[in-house]
Amino acid sequence: MELQGYHVKLMQLRREDLEMVRQWRNDPKIQQFMLSQSQITPEQQQAWFEKINNDPRHLQFVIYYKDAPIGAANLKVISGDALQNAQVIEPGLYIYDDKYRANLLAFAPTLLLNDYCFDTLMAQKLRAVVKKDNIAALNYNQKLGYQVIKDGDLVEIELDKLNYEKVSKPLKRLLSR
Amino acid sequence: MTKENQDKLIEAFATALNIDNSAVTEQLAYNTIPEWDSTAHMVLIAELEDVFDIMLDTDDIIDMSSVAKAKEILIKYGVEM
């Protein structure tokens, strides 16, 4: 499966991507903001892939810009048996390539994922849990219209379609030329 | 870039980011100050397009990560040196 738009491409995670993604995920610059701080071994990565690969509640992607992999993204069901039937979906992503981490391009894969969730999967809401010290992610999500529903060491944020459409319009215009 | 265009560039950055002209240095980069976030970046693009009467491609909007880079990109669009 592949999603394309806003100058980026999201390609479903393949077996041959696993080592690259594992190394990204274990890099302290990414790991520090993950809910789990443990190092992932190749065996764990393999086992995780076997578990989620055909699970209808998960989709894992590698983000490409100009044919180069720059990060990873995923969708998962909060509750329910499949993404197609989910009312609430949890999207997640990180940009690994430093050139695009603090860059407007970082919004492109999220716009693509959010459009897919709201327009194709017909989700009612998107939800995310962000560590309180991940200020960049909180600001980033706020720019996309997310609202805080529960504060704490872990901040729970939510986005509905109406708010997303309203807030994302100028970003979409810039990234759709 | 002519002195006049350099002044216009500084003014455009200062206006869009709501910062003092003196803060607009070559090294100033996207997301390194609170004032230059994604919202301000969009305002900045609109300002630059208006001031220099150009239409930037998305790749250049993405690439415009610093004042120095903005100069490079504007030159590509025929803004005089």
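Since the model is a prediction, treat every value here as computed from it, not as a measurement.

## Examining the overall build of chain B
Moving on, step 1. Within chain B, the regular secondary structure consists of four helices and zero strands.
Moving on, step 2. N-terminal to C-terminal, the α/β element order of chain B is α-α-α-α.
Moving on, step 3. On C-alpha atoms alone, chain B measures out to a radius of gyration of 11 Å, which is about the 12 Å that the 2.2 N^0.38 rule sets for 81 residues.
Moving on, step 4. Viewed in the frame of its principal axes, chain B has a C-alpha envelope of about 30 × 25 × 20 Å.

## Digging into the interface of chain A and chain B
Moving on, step 1. Of the residues lining the interface, 17 residues belong to chain A; the matching set on chain B comes to 16 residues.
Moving on, step 2. Sorting the residues of chain A by area buried against chain B places A:Leu104, A:Leu174 and A:Arg177 first, and these three jointly supply 40% of that buried surface.
Moving on, step 3. Linking chain A with chain B are three salt bridges.
Moving on, step 4. For B:Asp59, the salt bridge identified is with A:Lys66, shortest N-O distance 3.9 Å.
Moving on, step 5. Along the contact surface separating chain A from chain B lie nine residue pairs in polar contact (both at pLDDT 80 or more).

## Some thoughts on the confidence of the model for chain B
Moving on, step 1. Counting all residues, the mean pLDDT for chain B is 93, and 98% of those residues have values of 70 or more.
Moving on, step 2. Our summary of model confidence lists the complex with pTM equal to 0.89 and ipTM equal to 0.77.

## Focus: the environment of A:Asn141
Residue and element names in this part refer to chain A.
Moving on, step 1. Relative to the assigned elements, Asn141 resides in helix α6 (residues 135-143).
Moving on, step 2. By relative accessible area, Asn141 is classed as buried at 11%.
Moving on, step 3. The spatial distance from the C-alpha of Asn141 to the C-alpha of Tyr65 is 21 Å, given a sequence separation of 76 residues.
Moving on, step 4. Apart from residues lying up to four places away in sequence, Asn141 is in contact with Val130, Tyr146 and Ile157.

Each value, and the rule that gives it
Residues numbered from 1 in each chain as written. Chains lettered and ligands numbered in written order. Predicted model: local features only at pLDDT ≥ 70, side-chain atom pairs only at ≥ 80, totals over all residues. Heavy atoms only, no water. Helix = DSSP H or I, 4+ residues; strand = E, 2+ residues; numbered from the N terminus. Rg over C-alpha atoms; globule rule 2.2 N^0.38 Å. Contact = heavy atoms within 4.5 Å. Buried area = accessible area lost by both parts, 1.4 Å probe. Salt bridge = Lys/Arg side-chain N within 4 Å of Asp/Glu carboxyl O. Polar contact = N/O pair within 3.5 Å; in protein donor to acceptor, adjacent residues only side chain to side chain. pLDDT = per-residue confidence, 0-100. Buried < 20%, exposed > 50% of the residue type's maximum accessible area, 1.4 Å probe, protein only.

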